[in-house]
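Chain by chain, the residues run as shown.
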Amino acid sequence: MAIKQTKRARAQSIGDVFSEVGRAPRHKMPNDEMDPEVAYQIVHDELMLDGNARLNLATFVGTWMEPQAQRLMAETFDKNMINKDEYPQTAEMEMRCVDMISRLWHAPEPDDAPGCSTTGSSEAAMLGGLAMKRIWQDRRRAEGKPTDKPNIVFGINVQVCWEKFARYWDVEPREVPMEGPRFHIDPEQAAALCDENTIGVIGILGSTYDGSYEPIEKLCQALDALQAKTGLNIPVHVDAASGGFVAPFLEPNLKWDFALDRVVSINASGHKYGLVAPGVGWIIWRDEEHLPEELIFKVNYLGDIMPTFALNFSRPGAQVVAQYYNFVRLGFEGYRKIQQYARDVAQDLAAEIEKLGPFELVTRGTDLPVFAFKVRDDITNFNVFDVSNAVRERGWQVPAYTFPANRQDLAVLRVVVKRGFTHDVASLFINDLRRQLPRLQRQATVIHDADNGSGFRH
Ligand SMILES: Cc1ncc(COP(=O)(O)O)c(C=O)c1O
């Protein structure tokens, strides 16, 4: 008996979904439906042109998770973080993460330190900055003083999220420039930029430009001295986007967190060294006193009222579940082992690059598992942008960029070592870099610059 086959069954029976693929609609929604297998193949195939995330040495964001974490994320992709009433256990896991992180960062009363998950460090930075601004405004109003000229002080090496904060919320940014071999904030210069309109100072652990930790303890001491001299009491927010999940495990004696009285809030990216796939950040305040009540909204939670502070409303819950999985699965010792391994790889790779000859290390991966290197000054026929382009031919994404004031003369390449970037993969990278050198050394003149290279900018 002849059986009439559908178009889809026919395509499958000859094992060739491709023969069904016409031209993919690009800019105008098509009128008619399409077979899901065919639609899948179209979208899947186009994504082949994206870079391979594991070869991306530019990003700080996690590019690998355990299969069990992936399974949990697939099981929870439909959970909306804001529906605390509908997903009370996801909300509970978020609060447990906040408690664990508060302990990790030495909050004086870790069970009472307010905090929440966010979409990343950028949203967390907005919340931290807003809280400082509101506290400053409230104090000024109470003193009968004007509130129209707030400013915020940071090193010029801040990630763009702080420039965004300043611009979006009308706060004047005051930047400490780089100088000589100092590629991040100078505590005394930061204190000198403060006045009665300063809502706070940002310390960075560690810097996006070169992976170095800013001297947060010295920054607090400089502000202590300022207070002793002038009476100005300036709070510090620590942007620990990467270092918040590195320093507690590798430098337990480094003072950078709530152990310093002047630190009022800290953010970190769960999706960086928190080891979760993109989409989660954290912010914790020292105590309730540093999170103004009027910024908190109340949502219904199991018939109860749950406080929230966020820029978004709906937001995926899978990343929070994955963060909790990581904490439970790895524990302190697991995180320590992974971060130590990453730093060993970073330092070994930095040393190998130094041995190649044409390069000079700017940092060595001794703080974050991140280092920056430059082309030696006496080499004039190729530059960092040429190097970035050359390794891109084999799929490696290594950013090249110039530093900001007062080191615009310095152009570097940067490598971020993350979970999954093993000694073995590092040796593949160094081999590829070594293979490209003769060609680079033969070229008559530099070819690329910041505008036409494959380099990436902050
Ligand atoms: C120091 C610092 N702060 C903030 C951010 C922004 O983080 P996110 O991508 O989680 O928003 C980054 C990202 O690289 C960073 O390095």
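Reading the values: rules and limits
- Here the residue numbers are simple positions, counted from 1 along each chain's written sequence.
- Selection of residues for local features in this predicted model requires a pLDDT of at least 70, selection of side-chain atom pairs for listing and counting requires 80 or more, and totals for whole chains, interfaces and linings are taken over all residues.
- Going along the chain from the N terminus, every DSSP run of H or I of four or more residues is numbered as a helix, and every run of E of two or more is numbered as a strand.
- Restricting the calculation to C-alpha atoms gives the radius of gyration, and the globule rule supplies 2.2 Å times the number of residues raised to the power 0.38.
- Residues with at least 20 other C-beta atoms within 10 Å of their own are called buried, those with 12 or fewer are called exposed, and the rest are partly exposed. The C-beta atoms themselves are positioned from the backbone.
- Remark: residues whose backbone-derived C-beta atoms lie within 7 Å of one another are considered to be in contact.
- Paired strands are those between which DSSP finds at least two bridges.
- For helices, the fitted line uses only the C-alpha atoms of the stretch in contact; every axis is such a line through C-alpha atoms, and the angle between N-to-C directions lies from 0 to 180 degrees.
- Between 65 and 115 degrees an angle is taken as roughly perpendicular, under 35 as roughly parallel, over 145 as roughly antiparallel, and anywhere else as oblique.
- Left-handed describes a crossing whose near helix is turned anticlockwise from the far helix through less than a right angle; right-handed describes the clockwise counterpart.
- For this scheme, ten residues count as nonpolar: Ala, Val, Leu, Ile, Met, Phe, Trp, Tyr, Cys and Pro. Four count as charged, namely Asp, Glu, Lys and Arg, and the remainder, Gly too, count as polar.
- An automatic or database domain assignment supplies the residue ranges for each domain.
- Note on terminology: a nonpolar core is any set of buried Ala, Val, Leu, Ile, Met, Phe, Trp, Tyr and Cys residues joined through C-beta atoms within 7 Å.
- By this rule the span expected of a helix is its residue count minus one, scaled by 1.5 Å.
- Take the seven residues that end at a residue and the seven that start at it, fit an axis to each, and the angle between those axes is the bend at that residue.
- Here, the term right-handed applies to a crossover whose path from the first strand over the helix to the second runs clockwise when the strands point away from the viewer.

1. Looking at the overall build of the protein chain
Tallying secondary structure elements over the protein chain gives twelve helices and 13 strands in all. What you see for the protein chain is a C-alpha radius of gyration of 25 Å, in line with the 23 Å of a compact globule of 458 residues. With respect to the principal axes defined by its C-alpha atoms, the protein chain has extents near 95 × 70 × 45 Å. Scored against the burial criterion, the 458 residues of the protein chain give a buried share of 42%. Sequence separation of at least 24 residues holds for 71% of the intrachain contacts in the protein chain that already meet a minimum separation of 6.

2. Concerning the sheet that holds strand E6 (residues 263-269)
Read from one edge to the other, the open sheet built from seven strands follows the order E1-E7-E6-E5-E4-E2-E3, with strand pairing classed as mixed. Taken across any chain shown, the strands that pair with only one partner, and hence form the sheet edges, are strand E1 (115-118) and strand E3 (172-176). Put simply, the sheet's adjacent strands are angled 20 degrees from each other on average, direction ignored. Across four bridges, the pairing between E1 and strand E7 (residues 281-285) is antiparallel.

3. Quick notes on the packing of helix H10 (residues 318-356) against helix H12 (residues 423-442)
The angle between the axes and the distance between the axes are what describe a pair of packed helices. Here H10 crosses H12 at 15 degrees, and the two axes come no closer than 10 Å. By the angle class used here, H10 and H12 are roughly parallel. H10 and H12 meet at a crossing whose hand is right-handed. Between H10, through Val 345, Asp 348, Leu 349, Glu 352, Ile 353 and Leu 356, and H12, the contact on the second element is made entirely by His 423, Ala 426, Ile 430, Leu 433, Arg 434 and Leu 437. Along the lines of polarity and charge, the residues of the contact of H10 with H12 split into eight nonpolar, one polar and three charged.

4. Concerning the domain arrangement of the protein chain
Under the domain assignment, the protein chain is made up of domain 1 (2-50) and domain 2 (70-327). Computed from C-alpha coordinates alone, the two centres of domain 1 and domain 2 are separated by 46 Å.

5. Here we look at the environment of His 27
Structurally, the position occupied by His 27 is in the loop between helix H1 (7-13) and helix H2 (36-46). Residues His 27 and Ile 447, 420 residues apart in the sequence, show an inter-C-alpha distance of 35 Å.

6. Observations regarding the nonpolar core
Core analysis: the largest hydrophobic core is formed by 120 residues, its most contacted members being Val 201, Leu 219, Leu 223, Ile 284 and Val 387. Element by element, the count of residues in this core is highest for H10, at 15 residues. If near-sequence neighbours (up to four positions away) are discounted, Leu 219 is found in contact with Ile 185, Pro 187, Ala 190, Val 201, Gly 203, Glu 214 and Val 236.

7. Remarks on the sheet that holds strand E13 (residues 411-416)
The four strands are arranged E10-E11-E13-E12 in an open sheet whose pairing can be described as antiparallel. Each having just a single partner strand, strand E10 (359-361) and strand E12 (400-402) make up the two edges of the open sheet. Averaged over all neighbouring strand pairs, the angle between strand axes comes to 40 degrees, with direction disregarded. Two elements, E10 and strand E11 (residues 370-375), share three bridges in a ladder whose sense is antiparallel. Paired with Leu 361 across the two strands is Phe 373, which belongs to E11. Lying over the sheet, H10 contacts E10, E11 and E13, oriented at roughly 145 degrees with respect to E10.

8. Structural notes on H12
Between its first and last C-alpha atoms H12 spans 30 Å; for 20 residues at 1.5 Å apiece the expected length is 28 Å, and the two agree. If you look at H12, its biggest bend is around 30 degrees, right at Gln 436, and the proline Pro 438 turns up within four residues after that. Those residues of H12 that fall on the buried side of the exposure criterion are Ala 426, Phe 429, Leu 433 and Leu 440. Packing partners of the buried residues in H12 comprise H10 and helix H11 (384-392).

9. A short note on the pairing of strand E5 (residues 236-239)
With burial as the criterion, each face of E5 is covered, one bearing Val 236 and Val 238 and the other bearing His 237 and Asp 239. Pairing of strand E4 (residues 198-204) with E5, which is carried by four bridges, proceeds in the parallel orientation. Within E5, the residue paired with Ile 202 across the bridge is His 237. Crossover handedness for the path E4 to helix H8 (residues 216-230) to E5: right-handed.

10. Considerations on the pairing of strand E2 (residues 151-155)
In terms of burial, E2 is a largely internal element, four of the five residues being buried. Strand direction decides the pairing type here: E2 and E3, joined by five bridges, are parallel. From the neighbouring strand, Phe 154 faces E3, where its bridge partner is Glu 175. Crossover connection from E2 via helix H6 (residues 160-168) to parallel E3: handedness right-handed. Pairing geometry for E2 and E4, over three bridges, is parallel. Bridge pairing in E4 links Val 153 to Val 201.

11. Things to note about unusual backbone geometry
Backbone torsion omega between Leu 205 and Gly 206 reads -10 degrees, so that peptide bond is classified as cis. Among the structural elements, Gly 206 can be located in the loop between E4 and H8. Cis rather than trans, the peptide bond between Ala 405 and Asn 406 has omega equal to 0 degrees. Its location among the elements puts Asn 406 in the loop between E12 and E13.

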